[in-house]
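Each chain, letter by letter, is given below.
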Amino acid sequence: MRTADPSERTDEELMDEFRLGDSDAFEVLVTRHSRGLYNFLLRSVHAPARAEELLQEVLLRVIRSKDRYRRSARFTTWVYTIARNLCVDESRRARFRDHESLDAPLRRRAGHGNAPSLLATIPSDDLPLELMAQSPRLRARINGAVLRLPADQREVFLMRLMAGMSFREIGETVGAPENTVKSRMRYALDKLREELADLRPVAIGDAMEEAAHG
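Residues numbered from 1 in each chain as written. Predicted model: local features only at pLDDT ≥ 70, side-chain atom pairs only at ≥ 80, totals over all residues. Heavy atoms only, no water.

**So, helix H3 (residues 48-64)**
For clarity, the cut-off: Comment: elements are numbered from the N terminus, with helices defined as DSSP H or I runs of at least four residues and strands as E runs of at least two. Helices are assigned an expected span. That span is 1.5 Å times one less than the residue count. With a 1.4 Å probe rolled over the protein chains alone, any residue whose accessible area is under 20% of its type maximum counts as buried; one over 50% counts as exposed, and the rest are partly exposed. The directions from the helix axis to the C-beta atoms form the arc being described.
For H3, with 17 residues, the first-to-last C-alpha span of 24 Å sits near the 24 Å given by 1.5 Å per residue. Listed as buried for H3 are Ala51, Glu52, Leu54, Leu55, Val58, Leu59 and Val62. The arc enclosing the buried residues of H3, seen along the axis, measures out at 160 degrees, which places them on a common side.

**With respect to unusual backbone geometry**
Leaving glycine aside, a negative phi is the common case for residues, and trans is the common case for peptide bonds. Phi is positive for His46, close to 65 degrees, though the residue is something other than glycine. Mapped onto the elements, His46 comes out in the loop between helix H2 (23-45) and H3. Its relative accessible area of 49% is what places His46 among the partly exposed residues.

**Observations concerning the packing of helix H7 (residues 167-174) against helix H8 (residues 178-195)**
Rules: Axis definition: a line fitted to C-alpha atoms, over the contacting stretch in the case of helices. Angles run 0 to 180 degrees between N-to-C directions. To sort the angles, those under 35 degrees are grouped as roughly parallel, those over 145 as roughly antiparallel, those from 65 to 115 as roughly perpendicular, and the leftovers as oblique. Only heavy atoms enter the contact rule, under which two residues are in contact if any of them lie within 4.5 Å.
Their axes nearest at 8 Å, the elements H7 and H8 cross at an angle of 100 degrees. Between H7 and H8, the crossing angle belongs to the class labelled roughly perpendicular. The residues of H8 that touch H7, namely those facing Phe167, Arg168, Ile170, Gly171 and Val174, are Glu178, Val181, Lys182, Arg184 and Met185.

**Quick look at the side chain of Thr76**
With respect to the helices and strands, Thr76 occurs in helix H4 (residues 75-97). By relative accessible area, which is 1% here, Thr76 ends up buried.

**A closer look at the environment of Arg84**
Checked against the element boundaries, Arg84 lands in helix H4. On the basis of relative accessibility, which here comes to 18%, the residue Arg84 falls in the buried class. For the pair formed by Arg84 and Ser44, sequence separation is 40 residues and the distance between their alpha carbons is 8.9 Å. In this structure, Arg84 is in contact with Phe40, Glu155, Met159, Thr173 and Val174, ignoring residues within four places of it in sequence.

The following block contains the structure:
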């Protein structure tokens, strides 16, 4: 028996309701996951406008694939698999573009007026480290350190912190054994601790340890 308030339902229950035609259920999923997905995409493509385009593509694919979703797969694992696959495709296209002529004419994008972006309608929830909210300079340091992680370590780190996924779920998403995922997380945390050693090491250490084992 479903609860009256959609926000109290699990992701999987919401997807079941969405498959049956409940658009409100989809809106709850968008509000619940778009910020984390956007941050994951942004740290993969390094361009805010492109990350938002990819986010909208993720949501479009969720809509198109809703009838193929089965509750045997956790929604977060499923949707981050979609996002990761888009990032892989984007990386391949970027490598192809790198070989194009530098003299190729720039293409202007049509303006979209003053309509707010999708992300402007979603509550902000950046990297869930307490240091992230303290100052723009600090955010820049941490974001930069995360971006400099090797891609396989960065995606594990972001899925763990932004989506709260278990190591088993991350392994299912990236196609790697759980122990490999744990190793990637440990390497990522070691690199971040080393690079951010001058920034309140105790607070950083506590946050990282919670991410690794929580």
